[in-house]
Amino acid sequence: MADDNDNTRIFHRGKPIDDKDDQTKMTPGNQANKEKEKNSNPDSDSTIIHGMGSNTVKRKLVGWLVSFTLDESGRDFRLFEGKNKLGRNLSNDIRISQDGKISGEHATLLFRGDSFHVKDEMATNPSFHNDEEIKPGQTVEVKDGDTLKFGSNTFMLRQAWL
């Protein structure tokens, strides 16, 4: 195994987790994360994973999709600036695996400037905006409080107060 300085280190409650006790695979980190590790608060109650790489981009939270059809208690999905992919595939930002009528890559929700748009990604089953079918490949503007239907489930878009 390489020197500890070349590996990702995992901390829980400010203390390093020994890789003998944990099944997490150590992966290469970068210099910026090594600096964060040196400055970690040892009294912290949070779990911190350093070494995620310099490619991590932090996007601003801009809204939510809220559904009471996926779970009667309610379920929400965060929406971030830029593209938010929705579908059953693991690669999607919003993964809805329990609905067989949702395609692997069903739709894209885009937030740019100060508005949301939804695009049907040529899904097998149609997408709906306020009960109107979105044609395959068509992009439609979505406002706060509008409803979207993908597969068998209905969602309400809620925009964050920006």
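Residues numbered from 1 in each chain as written. Predicted model: local features only at pLDDT ≥ 70, side-chain atom pairs only at ≥ 80, totals over all residues. Heavy atoms only, no water.

Asker: So what's going on with the side chain of Asn84? Residues and values would help.
Answerer: Considering the arrangement of structural elements, one finds Asn84 in strand E6 (residues 82-87). Accessibility expressed as a relative area gives 0% for Asn84, which makes it buried. Reaching out from Asn84, the side chain makes a polar contact with the backbone oxygen of Phe80 at a distance of 2.7 Å. Reaching out from Asn84, the side chain makes a polar contact with the backbone oxygen of Gly82 at a distance of 3.4 Å. (Helix = DSSP H or I, 4+ residues; strand = E, 2+ residues; numbered from the N terminus. Buried < 20%, exposed > 50% of the residue type's maximum accessible area, 1.4 Å probe, protein only. Polar contact = N/O pair within 3.5 Å; in protein donor to acceptor, adjacent residues only side chain to side chain.)

Asker: So, the packing of aromatic side chains: which residues are in play, and what are the values?
Answerer: Enumeration according to the criterion identifies three aromatic pairs in this entry. Each ring, one from Phe150 and one from Phe155, has its centre 5.7 Å from the other, and the planes form 50 degrees; the classification is tilted. The buried category is assigned to Phe155, whose relative accessible area is 1%. A connected cluster of aromatic rings, assembled from ring pairs, spans Phe77, Phe150 and Phe155. (Phe/Tyr/Trp six-rings, centres within 6.5 Å; stacked < 30°, edge-to-face > 60°.)

Asker: Tell me about the side chain of Ser67, and please be specific about residues and values.
Answerer: In this fold, Ser67 is placed in strand E4 (residues 61-67). Only 3.0 Å separates the side chain of Ser67 from the backbone oxygen of Thr154, close enough to count as a polar contact.

Remember, this is a structural readout, not a statement about activity or role.
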